[in-house]
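In case you want the letters, here they are:
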Amino acid sequence: MNEIKKDNAEQEAIVRALDAKKRKRILIKVIVGVVIALAVLVAVFLILKNCSGGGETVSYSYDPLSEDWGIGYYEQSLDYDVFSDELYADKDKGVYFYADNVGIYYLPEDRADASYQAQLFIDYFEAAIHGDGKTLNTLFTDDYFKNAGKPIKKYPDRFPMQKIYKINVEKVGNTKTENTVEGTMIYEYYKVSFLIMDNNGRFRPDLPEEQSSIPLIYDVITLKGVSKINRISQIVYNK
């Protein structure tokens, strides 16, 4: 009887030892699987990081002149004076400038009393209306034309005049400042919209109809009392 009990005890010990070894093997497999999975995730992360340039997103300016819109535009000579058109002469060509809960309407003759940022947009639209590319080019930063490696061509010194009207400039977001060796940089963002009558396609060819307005976001940098456009971006609307 004692021998039977001894045999049973030995068998039970063997079974327990086998179960322990089995559990150990399973645990080792689980650990190895987790380690492999983590290694794969790290590898994927590094690949994506390298492909995306270190995780940084490059932002390019929107340049409508770089697109082939395939739209039929009004024929207009370089010497055509848009103010000879009575219909356009009666259009509202002032700049409605809205910032920090204050809206002010500016005509070109009001420029001296305007803020630096408002002066920028007064000059910008005056130059565009008159087809004055030489002046227009001075209202952008060098970085705008470099465009993070996708250069934007400067406007020709002269291009056909633009029948621009109903101009709205609205500050969006908060003002940001940065102290640099050149002085205090002021960063602001403006939503800009306007209409073009009889669009000749030499300034905003993406506006196919007179009653169409496609607002864009203008990044504006102000330094030492001079405001310039640093980037222009399309507005992405959530669907």
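The notes below deal with the structure included here.

Rules of the game
Residues numbered from 1 in each chain as written. Predicted model: local features only at pLDDT ≥ 70, side-chain atom pairs only at ≥ 80, totals over all residues. Heavy atoms only, no water. Helix = DSSP H or I, 4+ residues; strand = E, 2+ residues; numbered from the N terminus. Contact = heavy atoms within 4.5 Å. Areas by Shrake-Rupley, 256 points an atom, 1.4 Å probe, with all protein chains shown as cover. Salt bridge = Lys/Arg side-chain N within 4 Å of Asp/Glu carboxyl O. Buried < 20%, exposed > 50% of the residue type's maximum accessible area, 1.4 Å probe, protein only. Core = buried A, V, L, I, M, F, W, Y, C linked by side-chain atoms within 4.5 Å. Phe/Tyr/Trp six-rings, centres within 6.5 Å; stacked < 30°, edge-to-face > 60°. Lys NZ or Arg CZ within 6 Å of the ring centre and 35° of its normal. Pairing = 2+ DSSP bridges. Axes fitted to C-alpha atoms, helices over the stretch in contact; angles between N-to-C directions. 1 Å grid on protein atoms, 1.4 Å probe; cavity = no way out; pocket = protein on both sides within 12 Å on 5 of 7 lines; lining within 4 Å. Points joined across faces, edges and corners; volume = space filled by probe spheres on them. Nonpolar A, V, L, I, M, F, W, Y, C, P; charged D, E, K, R; others polar.

**Some details on the overall build of the protein chain**
So, point 1. For the protein chain, the helix and strand inventory stands at five helices and six strands.
So, point 2. For the protein chain, the α and β elements follow one another from N to C terminus as α-α-β-β-α-α-α-β-β-β-β.
So, point 3. In the protein chain, once contacts between residues fewer than 6 apart in sequence are set aside, the share between residues at least 24 apart is 63%.
So, point 4. Of the roughly 15,800 Å² that the protein chain leaves accessible, carbon and sulfur atoms contribute 55%.

**So, the pattern of salt bridges**
So, point 1. Taken as a whole and assessed by the stated rule, the structure comprises seven salt bridges.
So, point 2. Taking the shortest distance from any N to any O, the salt bridge between Asp-79 and Arg-158 comes out at 3.2 Å. Placement of Asp-79 in the loop between helix 1 (2–51) and helix 2 (86–89) and of Arg-158 in the loop between helix 5 (142–146) and strand 3 (163–180) is noted, with a sequence separation of 79 residues between them.
So, point 3. Between Asp-85 and Lys-163 there is a salt bridge, with the nearest N and O atoms lying 2.7 Å from each other.

**Brief notes about the environment of Val-82**
So, point 1. Along the chain, the position of Val-82 falls in the loop between helix 1 and helix 2.
So, point 2. On the accessibility criterion, Val-82 (0% relative accessible area) is buried.
So, point 3. Among all residues touching Val-82, those that are not within four sequence positions of it are Gln-76, Tyr-88, Ile-129, Met-161, Gln-162 and Lys-163.

**Some points on the nonpolar core**
So, point 1. With 43 residues, the main nonpolar core has Phe-121 and Phe-125 as its most contacted residues.
So, point 2. Here this core takes nine residues from helix 3 (residues 116–129), the largest share from any one element.
So, point 3. If sequence neighbours within four positions are ignored, Phe-125 has contacts with Val-95, Ile-164, Ile-167, Val-169, Val-192 and Phe-194.

**Side note on the packing of aromatic side chains**
So, point 1. According to the stated counting rule, one finds 18 aromatic pairs in the structure shown.
So, point 2. Taking the centre distance of 6.1 Å and the plane angle of 40 degrees together, the rings of Phe-194 and Phe-203 count as tilted. Taken as a pair, Phe-194 and Phe-203 share a single burial class, namely buried.
So, point 3. Note that Lys-93 overlies the ring of Tyr-88, its terminal NZ or CZ placed 4.8 Å from the centroid.
So, point 4. Cation over ring: Lys-154 sits above Phe-145, and NZ or CZ is 5.1 Å from the ring centre.

**Here we look at the sheet that holds strand 2 (residues 102–106)**
So, point 1. Here six strands make up an open sheet; going across it, the order is 2-1-3-4-5-6 and the pairing mixed. The open sheet terminates on both sides in strands that have one partner only, identified here as strand 2 and strand 6 (226–234). Adjacent strand axes in the sheet meet at a mean angle of 25 degrees, parallel and antiparallel pairs treated alike.

**Regarding empty space enclosed by the protein**
So, point 1. Scanning the entire structure with this criterion turns up two cavities of 30 Å³ or more.
So, point 2. By volume, the largest cavity amounts to about 140 Å³.
So, point 3. Lining the largest cavity we find 17 residues, and of these Pro-64, Tyr-124, Tyr-144, Tyr-155 and Ile-232 sit closest to its centre.
So, point 4. Of all elements in the fold, only helix 5 and strand 5 (216–223) reach the threshold of two or more residues within the lining of the largest cavity.
So, point 5. Of the residues assigned to the lining of the largest cavity, the class counts are 14 nonpolar, no polar and three charged.
So, point 6. Top element by residues in the lining of the second largest cavity is helix 3. It accounts for four residues.

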